[in-house]
Amino acid sequence: MKKILVVDDEENLRLLYQEELEEEGYAVEVAAHGQEALDKLSTFKPDLITLDIKMPGMDGVETLQRIRDVHRDLPVILCSAYGEYKQDLTTWASDAYVIKTSDLTELKETIRILLSRD
Amino acid sequence: MKQMNSFIQRECEILGKIIRVSNSTLEINTRLTRIVGILAEAFSTDFCALYSFHEDQSSFTLTASSGRDLPEPDSSGNSQWGGLMEKVAQSRQPLFFEGDDQPVGNLKGMMSKVNSPFSLALIPIADDGFFYGVLLLYYAQLRRFGDEERESLLMAGSAISGPFRNARLDATRVAQAKDRQANQLSLLYEINNALLSTMKFERILHIILTAITIGDGMGFNRAMLFLTDERRNRLAGMMGVGPDNAEEAGNIWKNLEGKRDKLSEILSSISHNYSPKGTHLDERVRRVNIPLDKEECILARTVTEQKPFNIDYERDGLTCPEDCELNREVNCILRSKSKGGIKSYRFATVPLWGREGTIGVVVVDNLYNGRPITDDDIQLLTMFTRQAGLAIENCILYRYLEEAHWELKEAQETLLQREKLAALGEMAANVAHEIRNPLVSIGAFTRRLYNKLDNGLYEKRYGEAIIKEVDRLEGILNDVLSFSKASKVVFEKFDLNRIIEETLMGMEDELKSQGIVVEKSLDDNLPEIPCDYQQIKQVFINLFSNSRDAMRGGGRLTVKTFPLSQESRDYIGIDIGDTGGGIPSEVLHNIFNPFFTTKGWGTGLGLAICHRIVDGHRGVIEVDNDPDRGVTFTVKLPIEREA
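All of the points below concern the structure found in this document. Predicted, not measured: the structure shown is a model, and the values here were computed from it.

Moving on, we come to the overall build of chain B. Scanning chain B for helices and strands turns up 19 helices and 18 strands. Split into buried and exposed, the 643 residues of chain B put 33% on the buried side. A separation threshold of at least 6 residues defines the contact pool for chain B, and within that pool the share at least 24 residues apart is 67%.

This part covers the packing of helix 2 (residues 34–44) of chain A against helix 3 (residues 60–70) of chain A. All names here are of chain A. Across the interface, helix 2 lies against helix 3 with an axial gap of 10 Å and an inter-helix angle of 20°. Taken together, the axes of helix 2 and helix 3 lie roughly parallel to each other. The element helix 2 and its partner helix 3 pack so that their crossing is right-handed. Contacts between helix 2 and helix 3 pair G34, A37, L38 and L41 from the former with E62, T63, R66, I67 and V70 from the latter. Of the residues assigned to the contact of helix 2 with helix 3, the class counts are 5 nonpolar, 2 polar and 2 charged.

Residues and elements named next belong to chain B. Pairing is antiparallel across the open sheet formed by 5 strands, whose spatial order is 2-1-5-4-3. The strands lining the two open edges of the sheet, one partner per strand, are strand 2 (59–67) and strand 3 (95–97). Between one strand axis and the next, the sheet turns by 15° as a mean value, whatever way the strands run. In the sheet, strand 4 (residues 119–126) pairs with strand 5 (residues 131–139) via 8 bridges, with the strands oriented antiparallel. The residue of strand 5 that forms the bridge with I123 is L135. Helix 2 (residues 28–42) contacts strand 1 (47–54) and strand 2 of the sheet and is inclined by roughly 55° relative to strand 2.

Attention shifts here to the pairing of strand 17 (residues 620–626) of chain B. Residues and elements named next belong to chain B. With 7 bridges connecting them, strand 17 and strand 18 (residues 630–638) associate as antiparallel partners. Across the sheet, the residue bridging to N625 is V631, located in strand 18. Between the end of strand 17 and the start of strand 18, which pair antiparallel, lie 3 residues.

A few words on the sheet that holds strand 1 (residues 3–7) of chain A. Adjacent strands of a sheet form backbone hydrogen bonds with each other and so pair up, either parallel or antiparallel. All names here are of chain A. One open sheet accounts for 5 strands, arranged 2-1-3-4-5; its pairing is parallel. Each edge of the sheet is formed by a strand with only one pairing partner; in this case those strands are strand 2 (27–31) and strand 5 (96–99). Across the sheet, the mean angle separating the axes of adjacent strands is 20° when strand polarity is ignored. Pairing analysis gives 4 bridges linking strand 3 (residues 48–52) to strand 4 (residues 76–80), with the strands arranged parallel. Across the sheet, the residue bridging to D52 is C79, located in strand 4. Here helix 1 (residues 11–23) sits on the sheet and contacts strand 1, strand 2 and strand 3; the angle it forms with strand 2, its principal contact strand, is near 170°. Strand contacts of helix 4 (residues 105–116): strand 1, strand 3, strand 4 and strand 5, with the helix running at about 165° to strand 5, the strand carrying the most contacts.

Rules used throughout
Residues numbered from 1 in each chain as written. Chains lettered and ligands numbered in written order. Predicted model: local features only at pLDDT ≥ 70, side-chain atom pairs only at ≥ 80, totals over all residues. Helix = DSSP H or I, 4+ residues; strand = E, 2+ residues; numbered from the N terminus. Buried ≥ 20, exposed ≤ 12 C-beta atoms within 10 Å, placed from the backbone. Contact = placed C-beta atoms within 7 Å. Axes fitted to C-alpha atoms, helices over the stretch in contact; angles between N-to-C directions. Parallel < 35°, antiparallel > 145°, perpendicular 65-115°, else oblique. Left-handed = near helix turned anticlockwise from the far one by under 90°. Nonpolar A, V, L, I, M, F, W, Y, C, P; charged D, E, K, R; others polar. Pairing = 2+ DSSP bridges.

As structure tokens, this is what we get:
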């Protein structure tokens, strides 16, 4: 079973993603901010990470850099309400950029594609 | 006989000397002094003098003298001597007093004053027209004046009138010249006042040309004004003032001159009475447009050589060439209807001066009265054109200033508008972002609930409603966000045709299912243009979607790309047309406004977004509406990015 780490500062969204992804058959852990995410990297050892951009403290982009420092090949999806980062050079380090909507089909599809690559 | 001969010889000698001095170029007083010296010696006088007569004061002044002073010093007319001289002046006859004659009139008085005997000869200096003065010879003794002597003296008197006459003529000429100068200056002053009274271009030209043609002004028959167009290196006709025929000439001048108003007042009120617009001459002048490098053209030469020309065909055989194409085309005013053909036509050109060189030409002629144009005329015109040129330049500069000011104001307003919109856009974006997250929760959790409900349950209807509204809200958010994002453009070179093809491919199924036929004619040779891929794609998506929405029951979607040039810039044009029945003309002017829509759904932001994006690319979007058939949108995008 593939493991996914969901990082988002909003409780409701953490709940939502966990429920939705577990239904898809993944093992899911959540983190509320960047530091927690980094901690869970070594303990949970996820196969994929979804990362919110706007977070207090360390934001998504910085967290991404830190993750990359340790795991160069770990698939990371940047997940945001903000569309304009899509063309930002700083986000190139991620494997995908998905805009949050109430319909999670695109997100799920992206996860499926990224995980099937290995 | 011998006596006679020697006398005549002596006569000739004396006269010869006098005449030689008279005709010399010495200053007049010097001449007169020398002449008096000659006479004093020749006639051995005790006192010899010349007195000049002043007509206006009826008095005499001593001009030259030789010998001791008169017993009674007399250098003004207020004494006995003066009285004698007046008598000579009136009678134009000489007066001889030989000491023992019967004293007549004033002489009686003088004899009592002067205690010793004396003799006197007073000779008039005059010619046919004028009395110039008196030659006086005084002897402090008795002396006889012989007949030959008297003859001699009379001839001397005559010879002396020469220098006086010349001096008088000189004085007259100088006075006349001074008079003319004063008149000219006064004229220029009057005209200048009039020129200062207005900043309107046409009025200034009108005043200038009227001042040149009006009788109280410089009195030329016709005047025309041309200004240089530096950019195109041409001379363009601006205005012509002058009657169309001799009869009209007579009438106009009679009218204007009847009023003895001050010239400046006439000129200042000019445009209300007598407008040149519409007269033959004015029309013809305005049509003239000459290249400045046209060598044989006298008008052009006046500007390039910066000097006036005074052309008199009779005198110098110089005129405009017969085969000048302007002549054929516009029936060049320079050669029109001259009395007796070319031979008697005279005209002059004077350059118009601005601050840094010539700005045009003024052409004058005397077509109707054939009066020759003198150097004096040219000189006056030249003085005038300096003023005139400056006035015109000022006027033009003023106009530029006004225009620049207006443009600045407009730009300021546009900027203000843009800033307002930008601020609004930013606020909207912020709000949209804040709303997105909660919306995700609401929508997604509702879906989960919806999926958990049994299919037959009525409450599923509620779930549907919530999900649909959330979708709608997300749609609005997307539109609002792309609208505000449209101002941030990232330029890279792309092939427009490819973007179009990609977009169409993405909508292929949709369009087919609605029965819409797509007709493409994309020009193969278009260059890649700098644009923002995402944004331009959005424009096409929006336009294609609109067309699709308009053709619910099927139709034809035409897409065309082509190169085009507008106002010396190159663009790529994209035509997107549909057969969806067109836009009702009363709402046509609103379609690009945000939140305007004729559909029952949607945000009404689609076309507003297109407009914003195209604007950000410095392009244009236009609509061609056929109210019963369909609409064609044309997008024009520049090939070059503006510096």
